[in-house]
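Close look at the chain arrangement
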Amino acid sequence: MQASAAIEMARAGQLYPALILHGGSLDERRRLATELARTLLCGAAAERRPCNDCRHCRRIDAAGGERFHPDFQVLERDLRTVTSVEATKRFVETAQVTPFEARGQVFVIAAAESLSPGAADALLKNLEEPHESSPRHFMLLAPSQFDLSPTLRSRSLSIYLGATARLEEEPVDRLAGAAAARLESYWRSGAAVELMATASVIEASADWKDPRAERPWAQAAAALVRAAEPLEPSRRRRLLDLAAALLEAPPLRLRGISPRRILEAQVFRHLRERRPVSAK
Ligand SMILES: [Zn+2]
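Residues numbered from 1 in each chain as written. Predicted model: local features only at pLDDT ≥ 70, side-chain atom pairs only at ≥ 80, totals over all residues. Heavy atoms only, no water.

Regarding the pairing of strand β1 (residues 18-22)
Under the convention used in this document: Here the term buried applies to any residue with accessible area under 20% of the maximum for its type, exposed to any over 50%, and partly exposed to those in between, with areas from a 1.4 Å probe on protein chains only. Numbered from the N terminus, helices here are DSSP runs of H or I no shorter than four residues, and strands are runs of E no shorter than two. The criterion for strand pairing is that DSSP finds at least two bridges linking the strands in question.
Counting buried residues along β1, five of its five residues qualify, which places the element largely inside the surrounding structure. Burial along β1 is two-sided: the residues Ala-18, Ile-20 and His-22 and Leu-19 and Leu-21 are all buried. Pairing between β1 and strand β4 (residues 136-142): five bridges, direction parallel. Its bridge partner being in β4, Leu-19 is matched across the sheet by Met-139. Examined bridge by bridge, β1 and strand β5 (residues 157-160) share four bridges and lie parallel to one another. Following the sheet pairing, His-22 is matched in β5 by Tyr-160.

Here it is, written out as structure tokens:
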């Protein structure tokens, strides 16, 4: 899911209780956590949230500093490389009380990739028991969602802020152009072979040797996002969904599935149009 959609859901009071904010830089993740928390707790009318000016907004900032809101807490890494189980337990204890001032509570785990296994367990118990009387949200910030345990991932909605691996402009551009050309042919002809060709230009664009590597998937996703820009809304949506699916793909590779098969399956699943495509 994209950040803007998450803000919309927060405004509508429909945001999932547990979120993973991954990708982007640490600053970008903290900024989005701040914006989401303000949207959730802001005192203004729903459509104006976050107003950035009310007594809630002004005191909420996931970047740390002097500001303090009792219903907004940030857990920072307390040891050199680890967020400890002790610190996590103290932190989730504050989630057992009802909100002090706002209509709900927001808890941010600033470096979720550093949670020790015990700390992740302590957190998980809280994700599994939603608070009875008021909305409560946990936001786990991490460079990649794959830094978190499968259990934490399965309990949370992932919001992706962009490639973590630093991508080079040029290969992304080249792939975006090549994929867009194949897709144009597909939309013109309706021939499934053009979808196969789309999967193979993606495959040819990167080195897939390391099954754990995130970069080829991130590059393919970035290229599809770029190729989606000029399209009409329903095709753009499909391409963005495909991009999101490719970001989820590395675990499939760890199960031994070849990149070619994954790419073909995902391209067909997201882009195949049922009815013959009309010429104009
Ligand atoms: Zn506000």
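A closer look at the domain arrangement of the chain
Convention followed: Delimitation of the domains relies on an automatic or database domain assignment. In what follows, a contact means two residues having at least one pair of non-hydrogen atoms within 4.5 Å. Computed with a 1.4 Å rolling probe, the buried area is the accessible surface lost when two parts are put together, summed over both parts. Throughout this description, the term salt bridge denotes a Lys or Arg side-chain nitrogen within 4 Å of a carboxyl oxygen of Asp or Glu. Pairing of N or O atoms within 3.5 Å defines a polar contact, subject to two protein rules: one partner must be a possible hydrogen donor and the other a possible acceptor, and residues neighboring in sequence count only if both atoms are side-chain atoms. Residues are grouped as follows: Ala, Val, Leu, Ile, Met, Phe, Trp, Tyr, Cys and Pro are nonpolar; Asp, Glu, Lys and Arg are charged; every other residue, Gly included, is polar.
Each domain of the chain was delimited in the assignment, giving domain 1 (3-160) and domain 2 (169-271). Between the C-alpha centres of domain 1 and domain 2 there is a distance of 32 Å. The interface is formed by five residues belonging to domain 1 together with six residues belonging to domain 2. Summing both sides of the interface, domain 1 and domain 2 together bury roughly 450 Å²; the carbon and sulfur share of this comes to 61%. On the domain 1 side of the contact with domain 2, Gln-145, Phe-146 and Tyr-160 bury the most area, a combined 79% of that side's loss. Put simply, domain 1 and domain 2 have zero salt bridges between them. Counting across the interface, domain 1 meets domain 2 through one residue pair in polar contact (both at pLDDT 80 or more). Residues of the side of domain 1 that touches domain 2, tallied by class, amount to two nonpolar, two polar and one charged.

A few points about the pattern of salt bridges
In this structure the tally under the stated criterion is 15 salt bridges. Three or more residues joined by partner-sharing salt bridges are found here, namely Arg-55, Arg-59 and Glu-101.

Quick word on the sheet that holds β4
The test is simple: Axis angles are defined between N-to-C directions and span 0 to 180 degrees, where every axis is a line fitted to C-alpha atoms and, for a helix, only to the segment in contact.
The strand order β2-β3-β4-β1-β5 describes an open sheet built from five strands, whose pairing is parallel. With partners counted over all chains shown, the strands left at the sheet margins are β2 (72-75) and β5, one partner each. Within this sheet the neighbouring strands show an average axis-to-axis angle of 20°, counted without direction.

Things to note about the packing of aromatic side chains
Aromatic rings in a pair are described by how distant their centres are and how their planes are angled relative to each other. As a reminder of what qualifies: Two aromatic rings, drawn from Phe, Tyr or Trp (for Trp, its six-membered ring), form a pair once their centres lie within 6.5 Å of each other, and the interplanar angle then sorts them: stacked below 30 degrees, edge-to-face above 60, tilted otherwise.
With the rule as written, the count across this model stands at three aromatic pairs. With centroids separated by 5.2 Å and ring planes inclined at 25°, the aromatic side chains of Phe-107 and Phe-138 adopt a geometry described as stacked. Note that Phe-107 is positioned in strand β3 (residues 105-109) and Phe-138 in strand β4, a separation of 31 residues in sequence. With respect to class, Phe-107 is no different from Phe-138; both count as buried. Through a chain of ring-to-ring contacts, the aromatic side chains of Phe-91, Phe-107 and Phe-138 assemble into a single cluster.

Notes on the coordination of the zinc ion
Convention followed: Any N, O or S atom lying within 2.8 Å of the metal counts as a donor, with the limit raised to 3.2 Å for Na, K and Ca; because water is left out of the atom set, some sites can appear incomplete. In this scheme the shape depends on donor count and angles: four donors with every angle between 85 and 135 degrees give tetrahedral, four or six donors with opposite pairs above 155 degrees and others between 65 and 115 give square planar or octahedral in turn, and any other case is irregular.
Cys-42 (SG), Cys-51 (SG), Cys-54 (SG) and Cys-57 (SG) make up the full set of protein donors to the zinc ion, lying at 2.3 Å. For the zinc ion, the four donor atoms are set out with angles of 104 to 118° between them, so the coordination reads as tetrahedral. In the primary sequence, the donor residues of the zinc ion line up as C-x8-C-x2-C-x2-C. Here the two residues Cys-54 and Cys-57 agree in accessibility, since each one is buried.

Observations concerning the environment of Leu-115
Along the chain, Leu-115 falls in the loop between β3 and α4 (117-128). Residue Leu-115 is classed as buried on the basis of its relative accessible area, which comes to 12%. Each residue touching Leu-115, except ones within four places of it in the same chain, is listed here: Thr-83, Thr-88, Ile-109, Ala-120, Leu-123, Leu-140 and Leu-152.

A look at the environment of Ala-213
The topology assignment puts Ala-213 in the loop between α7 (192-204) and α8 (215-228). When the C-alpha positions of Ala-213 and Ser-189 are compared, they lie 35 Å apart, and in sequence the two are 24 residues distant.

Some points on helix α6 (residues 169-189)
Our working definition: Working rule for helices: expected span equals 1.5 Å times residues minus one.
Taking 1.5 Å per residue as the helical rise, α6 with its 21 residues ought to reach 30 Å, and the 30 Å between its terminal C-alpha atoms agrees with that figure. Buried residues of α6: Pro-171, Val-172, Leu-175, Ala-176, Ala-179, Leu-183, Ser-185, Tyr-186 and Trp-187, and no others. Just beyond α6, the residue with positive phi is Gly-190, at close to 70°.

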